[in-house]
Amino acid sequence: MTRKRIAALVGNPNAGKSALFNALTGARQKIANYPGVTVERKAGRLTLPSGEPLELIDLPGSYSFDAASPDEEVTRKVVHGEFEGEATPEVIVLVVDAANLEQHLVFAQEVLELGRPTVVALNMIDLAERDGLTLDPAALSAALGVPVIPTVAVRGRGLQELTAAIPEAETHAAEDAQWRGHVTLPERRLVAKHMARGATLSASARHTIENGIDRVLLNPWVGPVILFGLLFVIFQAVFAWATPFADALDGAVGAISGWVSGIMPEGFIRDFITEGVLAGVGSVVVFLPQIVILFFFILLMEASGYMARAAFLMDRLMAGVGLSGKSFIPLLSSFACAIPGIMAARSIPDPKDRLTTILVAPLMTCSARLPVYAVIIAAVIPETSVGPGIGLQGLVLFALYLAGIVGALVVALVLRNTLAKGAASGFIMEMPRYQLPRIKDLAIGLWQRAYVFLRRAGTIIFMVTIALWLLLSFPKAEPGESQLDASVAGMVADGLHPVLEPIGFNREMGLALIPAMAAREVAVSALATTYAVDAEDEDLAAEGVTDRIAALWSLPTALAFLAWFVFAPQCISTIAVARRETNGWKWPTFMVVYLFVLAYVFAGLTFWIATALGL
């Protein structure tokens, strides 16, 4: 039996490699980590026109074989056949951005110097044509000495031609390879520049228009104002737009709970459904509209090309705390979840930059915190306007996100001057072209985010909530005794209370902190379940968690709880990923300890200051 041949996708970041990989391999993919490193290995099966199978590997994006990050080191080793346990690819599929030839051809020459069978995928040719660029693939092929195939990965254009060119590349590799030996980087840039003029037949003024837009959006004074104004609008929308939908979901959960109470006799099963499932899990699900609206704006900024410009704008601020704009993308990813944010730090070349970014990523306000913020804000912050189109609730939410950002920058500054001391590294970033987001892509992205949220509600949150409900329900209270006082969970809350009482936390709040280590949203379901179980009558049990908090918590207590969640450590999964990315428990342990200290200190300061002000 002959060994399956291997081809590798290679190219700069943002060349469209992953889209091309997905289009060529479909669902026939396997994703794992390379042995010994935390860089993802994506491999898929491709069938050649002859019927022969080919294994296609999607290598991390690289600017050079002179590796500056773990991702680039993996690419270099695999291509050069130096990665133990990984076969050397017979064919290299070099992916370049058709509208950014001059930059992408610099690395292309380095690949061609290897003298290996190579096919160039001139990707995103449709966007180049949209920008008014008329390219000559034949001229580029003649200059490079290898086949050049125009492709549009997301639309399946050129895939058959590319697949057919892969086996042909091996045949002509020996006589066609022109790049031998090694040339200097300035020489590569000069040659790339001449080839990109040579392959471009005409161009329009569109680039001039985009440059004009960039002069405004990237202006060091105007740009940050626009960015923070946009973020302000986003957090206003999270409350203003989501409220009708969240109220409808809350009403539906309440109606279902009332219906179950009406048709089922009192007992364990009814309590399990109403107090455990509906009161607990249902209290989290109602915040799905806020999650969807937040990610709608994030996906919109990514798809339009604005997100990269936001990273560029933040470079000056990041440099002030010892980081670079390269840290901005992982930290921004952490607004969704700290796990992909920590993993995205792999692309940061400087190891101290990378470590600092990992350690401060949990301070970014992940989407799991949004339900906690939303329920507390709705309970204790009046739904009033403080200006035209400016709601007080949205303003408080914006302040909480801003507090997380400021906290991350301050901690980064301290770390970069102590444990991770060093100068900020340089920042070079390719600006993607502006484009109108596709409705289909936005819809798919929102569905994926909603699915992840609902899956967490149906798995982790469900299991933890039910476990808490059982601890709250047994042993049963004697007549006249509170169920919380009699339960196992109540005993745990009593043990935590002396530690948390100085910062204004009541027993229910302390009890919610433990399951919240599994997932931040569980804090809401834990509070809802606790109040449902401990309710003295059916009317109180039917009240939502927001109403119970509004009735029982003081404003200083509520603000202290919000301050805790600005700084508190992330879920256990995040800690596990941090351990994997740092190759040990030393730094994750440090991360958990310093975050707990910050959470305790700032929750206490918030409580005592608010109390002193008479709030």
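Structural data are supplied above this passage.
Residues numbered from 1 in each chain as written. Predicted model: local features only at pLDDT ≥ 70, side-chain atom pairs only at ≥ 80, totals over all residues. Heavy atoms only, no water.

Quick look at the pattern of salt bridges now. Think of it this way: side chains of opposite charge can pair up when their charged atoms draw near. Tallied over the full model, the rule gives 12 salt bridges. Between Arg 155 and Asp 126 there is a salt bridge, with the nearest N and O atoms lying 2.9 Å from each other. Note that Arg 155 is positioned in the loop between strand E8 (148–150) and helix H6 (159–176) and Asp 126 in helix H4 (residues 125–130), a separation of 29 residues in sequence. The buried category is assigned to Asp 126, whose relative accessible area is 19%. Residues Asp 353 and Arg 416 are paired through a salt bridge, measuring 2.9 Å at the closest nitrogen-oxygen approach. In this pair, Asp 353 is assigned in helix H16 (residues 351–360) and Arg 416 in helix H18 (residues 392–416), connecting sequence segments 63 residues apart. (Salt bridge = Lys/Arg side-chain N within 4 Å of Asp/Glu carboxyl O. Helix = DSSP H or I, 4+ residues; strand = E, 2+ residues; numbered from the N terminus. Buried < 20%, exposed > 50% of the residue type's maximum accessible area, 1.4 Å probe, protein only.)

Let's shift gears to a nonpolar patch on the surface. A grouping of Val 593, Val 597, Val 601, Phe 602, Leu 605, Ile 609, Leu 613 and Leu 615 is seen on the molecular surface, where their side chains present a nonpolar patch of about 720 Å² in accessible area. Positionally, Leu 615 belongs in the segment after helix H29 (586–612). According to the relative accessible area criterion, Leu 615 is exposed, its value standing at 51%. (Patch = residues over 30% accessible without salt bridge, like charges linked within 9 Å, V, L, I, M, F, W, Y side chains within 5 Å. Areas by Shrake-Rupley, 256 points an atom, 1.4 Å probe, with all protein chains shown as cover.)

To continue, consider the state of the cysteines. By definition, a disulfide links the sulfur atoms of two cysteines through a covalent bond. Enumeration over the complete set of coordinates arrives at zero disulfides. Cysteine Cys 337 remains unbridged, with the sulfur of Cys 571 as its closest cysteine sulfur at 6.0 Å. Free of any disulfide, Cys 366 has its nearest cysteine sulfur in Cys 337, 6.3 Å distant. (Disulfide = S-S within 2.5 Å.)

This brings us to the packing of helix H28 (residues 572–582) against H29. In contact at an axis separation of 8 Å, H28 and H29 are set at 140° when each is read in the N-to-C sense. Between H28 and H29, the residues in contact are Ile 575, Ala 578, Arg 579 and Thr 582 and Trp 587, Pro 588, Met 591 and Val 592, respectively. (Axes fitted to C-alpha atoms, helices over the stretch in contact; angles between N-to-C directions. Contact = heavy atoms within 4.5 Å.)

So, on to empty space enclosed by the protein. Where empty space is left becomes clear once a probe the size of a water molecule has been rolled over the atoms. Taken as a whole and judged by the stated rule, the model has two cavities of 30 Å³ or more. Computed from the structure, the largest cavity encloses a volume of approximately 340 Å³. For the largest cavity, the lining is made up of 23 residues, of which Leu 231, Phe 328, Leu 332, Phe 335 and Ile 405 are closest to its centre. Mapped onto the lining of the largest cavity, the elements with two or more residues apiece are helix H9 (222–240), helix H12 (288–304), helix H13 (306–320), helix H14 (328–333) and H18. It is H18 that provides the largest number of residues to the lining of the largest cavity, a total of six residues. Of the residues belonging to the lining of the largest cavity, the class tally is 23 nonpolar, no polar and no charged. (1 Å grid on protein atoms, 1.4 Å probe; cavity = no way out; pocket = protein on both sides within 12 Å on 5 of 7 lines; lining within 4 Å. Points joined across faces, edges and corners; volume = space filled by probe spheres on them. Nonpolar A, V, L, I, M, F, W, Y, C, P; charged D, E, K, R; others polar.)

Position of Leu 468 among the secondary structure elements: in helix H20 (residues 460–473). Once the C-alpha coordinates of Leu 468 and Ser 525 are considered, the two residues, 57 residues apart in sequence, prove to be 9.6 Å apart. Discounting chain neighbours no more than four positions away, the residues touching Leu 468 are Ala 489, Leu 511, Pro 515, Ala 526 and Thr 530.

This paragraph deals with the nonpolar core. Core analysis: the biggest nonpolar cluster contains 126 residues, and Phe 505, Ile 549 and Phe 561 have the highest contact counts within it. Looking at this core, the element that brings in the most residues is H18, giving 11 residues. Here Phe 505 is in contact with His 497, Leu 500, Leu 513, Ala 560, Phe 561, Trp 564 and Ala 603, once residues within four sequence places are set aside. Among the nonpolar cores identified, the runner-up in size contains 32 residues, and Phe 83, Ile 92, Phe 107 and Leu 112 belong to it. (Core = buried A, V, L, I, M, F, W, Y, C linked by side-chain atoms within 4.5 Å.)

On the surface, Asp 247, Asp 250, Glu 383, Glu 543 and Asp 547 cluster together to form a negatively charged patch. The topology assignment puts Asp 547 in helix H26 (residues 545–552). (Lys, Arg positive; Asp, Glu negative; His and termini not counted. Charge placed at Lys NZ, Arg CZ, Asp CG, Glu CD.)

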